[in-house]
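Remarks on the overall topology
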Amino acid sequence: MQTKKNTTRKTTRKKGVTNGNRTRKIVKWLWILAMTPLVLLALMLTLTAMGVFGRMPSFEELENPKSNLATEIYADNGKVIGSFFVQNRSYVQYADLFPQDSTNLLTVAGREVPPIAAALIATEDVRFYTHSGIDLISLARVGVKTIALQRSSQGGGSTITQQLAKNLFPRGKRGDNKIVRTVKLVVAKFKEWITAIKLEYNYTKEEIVAMYLNTVEYGSNAYGIKSAAATFFGKTPAELNIQEAAVLVGVVNAPTRYSPVRNPENALRRRNTVLKRIEAAGGISKAQYDSLSALPITLNYRPVSHNYGRATYFREMLRLTMNAQRPKRRNYYTTWDYEQACKEYDENPLIGWCHKNQKADGTPYDIYRDGLRIYTTINASMQEYAEAALHKQLQTVIQPAMDKQVRETRRLFQNITNEEKEAIIKRAMRNSDRFRNMKSAGVNDKEIYASFSKRCEMKIFTYDGERDTLLSPRDSILHHKRIMRAAFVAMEPQTGHVKAYVGGPSFQYFKYDMAKQGKRQIGSTVKPFIYTFAIDHLGLTPCTMVPNLPVTIETAVGAAWSPKESGNVEYDGVLHPLRWGLAHSRNNYSAWIMKQAKQPEAVADFIHNMGILSFIDPVYALCVGSFESNVYEMVSAYSTFANEGVYNTPLFVTHIEDRQGNLISSFTSSSQDAISKESAYTMLTMMQNVITHGTGRRMVWGYGMEGVEIAGKTGTTNENRDAWFMCVTPKLVAGSWVGAEDQSVTLNRRGEGSVMALPIVGDFLRRVHNDPNINVDRDDKFVRPASWHSVECEDEVAPAANGATRQDEFFE
C-alpha cells in the first residue's frame, strides 16, 4: 500500500515536471516568436544603416543636401526680378515664414507657428513635436489597416521628417516583379526611417519644417514654398493667410488633381479638408473654420517662365553672358569684331563666368541648379517704365502706322523683287520650329513647304494681346514680319550701371535681342562723335561758321563721294555755325568735318575710344552713320559726355553669392579718359541745342522738358529702315531704336527717329521724373568745368555779294 502511494506521488511529480517543462517551452517559443520580428527588424535596420542594401546618405550629405535650386536675379533694390532653373525652387529659412503681425500665428501641437507651418503639421504630422522622426502610433495604425483589416494604406504613417528624407533622397526604381517591388519598398522604408532619425539628430524641428516646405512640388513649375507663394498668390510665404496656406499644403498631395488653376473644385475641397485638420489640431475655432471654408479661392496667378515676367531680354542676355564660351572666328563677320570679342572675354570676368569659376568639388557652376544669387544694377521701377513706354509707342503709334501702310499699299516688303521676298519667307520657314521638327521626323522638304500653306489653329502676337486664330504658317510668318520692333537701354553715366534694358516687344515671340545682340546702321546718331573729333582734334568750336553747300570728297580710290540730305533740303550757301549743323542733323556739315580731318581711320579710332567697339569701316561715309552698332554700345558711348569725358564700360552685375549667401565674385566697371572735360561739356551744350532748337524739340513740347538740362540726338537711316534717339541727362543716359526684323520692311512716311524713337525715351524719362523714389530729377545739372567759357555764336551769315563765301574769316 505504501509502495503504491509512493509510486502515485512519483507519477504525479513526473507529470508536474512534464507540464512545467511544456509551459516553459511554450513561453520560450512565444518569446522567440514575439522577439524574432523585432530582432529581424533590428538586424534589417542595422544592415540597412551599414549600407548592405544600398548606399545611405552620409552626415555630410545630410548637412548639405543636394537639390536643384533656382538661381535668383536681383534688382538693385534687392527684389527678385527673375530666375534660371530646371526646377523653380528657392530656399527660405523658418524665420522667413513668420508674418509681421504676431496675432496671425496659430497654436498647433502646443506651439505658436506661422499659418503655413500650422497647415503642414496639422495635415501631415500632428505629433511632429513629440517624436524623433518615426511616429510609432501612426505606424501601428497603418499596420492594423494593412494587415488586420486587409486595407491598402495610401500613406498616413510617414512623418514630415520621413517625407523630407524621401524628397531629399528619392527612391530608386522598384522593378516590374511584385515580389521585387515589395522587397525594394520595404528596404526603401528602412532607409527613410534611418535617414529621418539622422535628420532629427542634425536639424531642429523648425529647420525640418522649412526644409520640407522648400523641397516639395506645388505644381505650375513651382518648387518650394517661396516659389509657390509667388506663383499662386503673388506673395512671400510670410504674407500668406490661413486659407492660402491651406491651399498650398493641400496641393502638395497631388499637384495636378488639387491644382487651384486646373481643378479649382478639387482644390477647394482639399483646402477645406486642411482647414478642418487645423481646427482639429486646435489652430482655429469652429467658427473660424465655418467662415474660412465658405470663402472662394482667390488667386493672383503668376506662373514663372523664361518667356514672361520683368526684364526677360535682360535675363536672357545675362544667361548668355555667364554661359558664354570663348569666341570662335567663324561666328564673326570681321576680324575686328572677333578680336574685340576675344579681348572682352579675357578682360571681363562675367563673360563665361560659369566656365571660368569652379565650385569646391572642382566642377563648374551651373546657373540652373546651384541656387546662385546674382545681384544686378537693374532698377526695377526704371525697367517697368522702360517696358511700358516701349510697348505704348509700338501699340499706339508705330504698329498702327505700319498696318495702315500695308492696307493702303497692299505691300509689306519695300523695294525688293518677288524672288527676294520669297527668299525671305523661305528662310523664315527653314528657321522655324515647325520645319526643324518635321525634318527630324523624316519628312521631305517639298511636303514641309506644302504644310506651311495649310491653315491651322494657332496663337499670334499682337500689341493688344496674344490672339487665337486660324491661319496658315506662311501667313503667320508674314504677320510677324509686319510687327515692328524696338529696343531701349538706360545707363548711369558716372558708374556705367545699366538701369533698364529692353531688347524687344515680346521675348516669347521675338527672341532676337535688338538691344545688344542685333546691330543696325546708326545714322545721324554718329554725328556727336564727329563733332567731338572736330573740337578735340581739329580745334574747331561750336561757333565755327560753315557754308550750307554740298560737300564732295575725293576718296583714296579716286572716286568722289557726296552725301545726300534727308527730306527736301536746299543748299543756300548761308554760313551757319557748326552747332546749327548738328541741331538740324545736316549731312553736309558732318562731311565737311571729315574733309578737314582727311583721315577716316583717325576718326574711326577716335569713335572706338569713345566706347563703340563694333567694327567701323574707315571710309568717309562713316560720318553719316554707315557702320552698325546697337543701343547698348551707343548708350555707353554717349555716357562719356555726361561723365566729363571718361568712358565707363557698362556694368550690369555687381556681385554673385552662393546658395548660403557667401560672396563668390564681385564686379566693377573699368574706365578710361576718352576726351577732355571741356570737349565733353561743349558737346553737351551743342546737343542741348538739338533739343531746344533742332530735331529733338518734341522732348520739350511733347514731354514737358522745358527748363530741363537734356542733350540728345536723333537718327534715321536710308528709307527709314532704322529710327534712333539718344538722350543724355546729368544722371541718366538713355537710347532707343525702332525698326523691323527685315530691313526691307520700312515706314514710307513719318519713320524718322524724332517721330518713332524719341517718344519712347520721352515717355520713359517723364515717368522717371515723376517717381520720387528715383534719384533722377528735373533740376539735375551737368557738371560745368571751371575752365570752360560760354561763347555766343551768330546764327547765320549771308553769302558775300560776289557770290563767294567768307569762310576764311571763321576757319582760323
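These figures come from a predicted structure and were not determined experimentally.

**Concerning unusual backbone geometry**
One non-glycine residue, S585, lies in positive phi territory at about 55°. Along the chain, the position of S585 falls in the loop between helix 21 (578-583) and helix 22 (587-597). By relative accessible area, S585 is classed as buried at 13%. In the Ramachandran plot, K598 falls in the positive-phi region, its phi being about 70° despite a non-glycine side chain. In this structure, K598 sits in the loop between helix 22 and helix 23 (600-610).

**Points about empty space enclosed by the protein**
All told, the structure shown has four cavities of 30 Å³ or more when counted by the stated rule. One number sums up the size of the largest cavity: a volume of about 50 Å³. What lines the largest cavity is M484, N720, R721, D722, A723, V738, G739, V745, T746, L747, G751 and M756. For the lining of the largest cavity, the elements supplying multiple residues, two or more each, are strand 23 (722-728) and strand 24 (733-739). Its residues assigned to classes, the lining of the largest cavity comprises six nonpolar, four polar and two charged.

**So, the environment of I691**
Counting through the fold element by element, I691 comes out in helix 25 (residues 677-693). Judged by relative accessible area, which is 3%, I691 ranks as buried. Remark: the alpha-carbon pair of I691 and A583, spanning 108 residues in sequence, is separated by 7.8 Å. When residues no more than four places from it in sequence are discounted, the contact partners of I691 are G696, R697, M699, V700, I710, A711, G712 and F725.

**Here's the deal with the environment of V776**
Residue position: V776 is located in the segment after helix 28 (758-769). Distance from V776 to L732, taken between C-alpha atoms, is 7.4 Å for residues 44 residues apart in sequence. Discounting chain neighbours no more than four positions away, the residues touching V776 are M382, K731, L732, V768 and H769.

**What about the sheet that holds strand 10 (residues 485-492)?**
Within the open sheet, the five strands sit side by side as 11-10-24-23-22. Their pairing is antiparallel. The strands lining the two open edges of the sheet, one partner per strand, are strand 11 (497-502) and strand 22 (711-716). Geometrically, the sheet is characterised by an average inter-axis angle of 10° between neighbouring strands, direction not taken into account. Where strand 22 lies against strand 23, six bridges are found, and the strand directions are antiparallel. Bridged to G715 within strand 23 is W724. Packed on one face of the sheet, helix 15 (residues 380-409) meets strand 10, strand 11 and strand 24 and runs near 35° to strand 11. The sheet contacts of helix 28 involve strand 10, strand 22, strand 23 and strand 24, and relative to strand 24 the element is tilted by about 145°.

Reading the values: rules and limits
Residues numbered from 1 in each chain as written. Predicted model: local features only at pLDDT ≥ 70, side-chain atom pairs only at ≥ 80, totals over all residues. Heavy atoms only, no water. Helix = DSSP H or I, 4+ residues; strand = E, 2+ residues; numbered from the N terminus. Buried < 20%, exposed > 50% of the residue type's maximum accessible area, 1.4 Å probe, protein only. 1 Å grid on protein atoms, 1.4 Å probe; cavity = no way out; pocket = protein on both sides within 12 Å on 5 of 7 lines; lining within 4 Å. Points joined across faces, edges and corners; volume = space filled by probe spheres on them. Nonpolar A, V, L, I, M, F, W, Y, C, P; charged D, E, K, R; others polar. Contact = heavy atoms within 4.5 Å. Pairing = 2+ DSSP bridges. Axes fitted to C-alpha atoms, helices over the stretch in contact; angles between N-to-C directions.

Read these as geometric descriptors, not functional statements.
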